Amino acid sequence: MKKLKEKLISFFKWIKEECKDYRTFVIFLFAMFIVHTPIWGGIILYRIFKLKWGLAMATTMSLFWIGPFTPFFPICIGLTFAIKRLMQKSSKKDS
């Protein structure tokens with residue numbers, strides 16, 4: 001149990017160090033926006049065109065992401081680091 005606690009602490013320290021760069025934080029915000037796009041899209045469709053299925057979609061997606069079994073932040077963090085790694089690889093190829 002002590003090893004698990006140490007690994008979790010080191011994992012969160014690693015995430016903290018990775019997110020100190022402003023580019024990583026911007027990528028994280030972008031990843032959160034992408035994951036929430038169905039929610040915002042549904043709300044916009046309901047507000048502009050009064051499409052009830054847009055509101056139903058937004059509500060369903062909100063409940064899905066808020067649910068207890070959906071790892072929202074780990075998905076966003078993983079997506080952030082994947083995008084960051086791809087950007088680093090592409091910048092190395094350009095050099």
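Preceding block: the structure.
To keep things clear, this report deals only with the structure shown in the data block.

About the cut-offs
- Residues numbered from 1 in each chain as written.
- Predicted model: local features only at pLDDT ≥ 70, side-chain atom pairs only at ≥ 80, totals over all residues.
- Heavy atoms only, no water.
- Axes fitted to C-alpha atoms, helices over the stretch in contact; angles between N-to-C directions.
- Helix = DSSP H or I, 4+ residues; strand = E, 2+ residues; numbered from the N terminus.
- Parallel < 35°, antiparallel > 145°, perpendicular 65-115°, else oblique.
- Left-handed = near helix turned anticlockwise from the far one by under 90°.
- Contact = heavy atoms within 4.5 Å.
- Nonpolar A, V, L, I, M, F, W, Y, C, P; charged D, E, K, R; others polar.
- Buried < 20%, exposed > 50% of the residue type's maximum accessible area, 1.4 Å probe, protein only.
- Phe/Tyr/Trp six-rings, centres within 6.5 Å; stacked < 30°, edge-to-face > 60°.
- Lys NZ or Arg CZ within 6 Å of the ring centre and 35° of its normal.

### Description of the packing of helix α1 (residues 2-18) against helix α4 (residues 72-94)
A pair of packed helices is captured by two measures, namely the crossing angle of their axes and the spacing between those axes.
Moving on, step 1. Contact geometry of α1 with α4 gives a least axis separation of 12 Å together with a crossing angle of 50°. As summarised for this structure, α1 and α4 are arranged oblique, according to the angle between their axes. Both α1 and α4 take part in a crossing whose hand is left-handed. Taking contact as the criterion, the partners of Trp14, Ile15 and Glu18 in α1 are, on α4, Ile77, Phe81 and Lys84.
Moving on, step 2. Here the contact of α1 with α4 is built from residues that sort into four nonpolar, no polar and two charged.

### Focus on the environment of Ala31
Moving on, step 1. Tracing the backbone through its elements, the reader meets Ala31 in helix α2 (residues 22-49).
Moving on, step 2. What makes Ala31 buried here is its relative accessible area of 0%.
Moving on, step 3. Each C-alpha atom of the pair Ala31 and Ala58 lies 18 Å from the other, and the pair is 27 residues apart in sequence.

### Some points on unusual backbone geometry
Generally, phi is negative for residues other than glycine and the peptide bonds are trans, each holding for most cases.
Moving on, step 1. Positive phi, normally seen in glycine, also occurs at Lys50, with a value near 55°.
Moving on, step 2. As for its placement among the helices and strands, Lys50 is situated in the loop between α2 and α3 (52-66).
Moving on, step 3. What makes Lys50 exposed here is its relative accessible area of 57%.

### What to know about the packing of α2 against α3
Moving on, step 1. One can describe the packing of α2 onto α3 by two numbers: an axis separation of 7 Å at closest approach and a directional angle of 150°. The angle between the axes of α2 and α3 places the two elements in the roughly antiparallel class. As for how α2 packs across α3, the hand of that crossing is left-handed. The segment α2 lies against α3, with Val35, Pro38, Ile39, Gly41, Gly42, Ile43, Leu45 and Tyr46 engaging Lys52, Trp53, Gly54, Leu55, Met57, Ala58, Met61, Ser62 and Trp65.
Moving on, step 2. Its residues assigned to classes, the contact of α2 with α3 shows twelve nonpolar, four polar and one charged.

### Focus: the environment of Lys5
Moving on, step 1. Relative to the helices and strands, Lys5 resides in helix α1.
Moving on, step 2. Overall, the relative accessible area of 56% leaves Lys5 in the exposed class.
Moving on, step 3. Through-space distance from the C-alpha of Lys5 to that of Ala58 is 37 Å; in sequence the pair is 53 residues apart.

### Looking at the packing of aromatic side chains
What describes a pair of aromatic rings is the distance from one ring centre to the other and the angle between the planes of the rings.
Moving on, step 1. Here the structure, examined in full by the defined rule, presents six aromatic pairs.
Moving on, step 2. Centroid distance Phe11 to Trp14: 6.1 Å. Interplanar angle 35°. Geometry classified as tilted. A residue pair is termed a helical-turn pair when its members lie 3 or 4 positions apart in one helix, as Phe11 and Trp14 do in helix α1 at three residues.
Moving on, step 3. Accessibility expressed as a relative area gives 39% for Phe11, which makes it partly exposed.
Moving on, step 4. A relative accessible area of 39% places Trp14 in the partly exposed class.
Moving on, step 5. Between Trp14 and Phe81, the ring centres sit 4.9 Å apart and the planes meet at 55°, which makes this aromatic pair tilted. Here Trp14, found in helix α1, pairs with Phe81, found in helix α4; they are 67 residues apart in sequence, far enough to count as distant.
Moving on, step 6. Ring-pair connections join several aromatic residues into one group, and the members of that group are Phe11, Phe12, Trp14 and Phe81.
Moving on, step 7. Seen from the ring of Tyr46, Lys50 lies directly overhead, with NZ or CZ sitting 5.7 Å from the centre.

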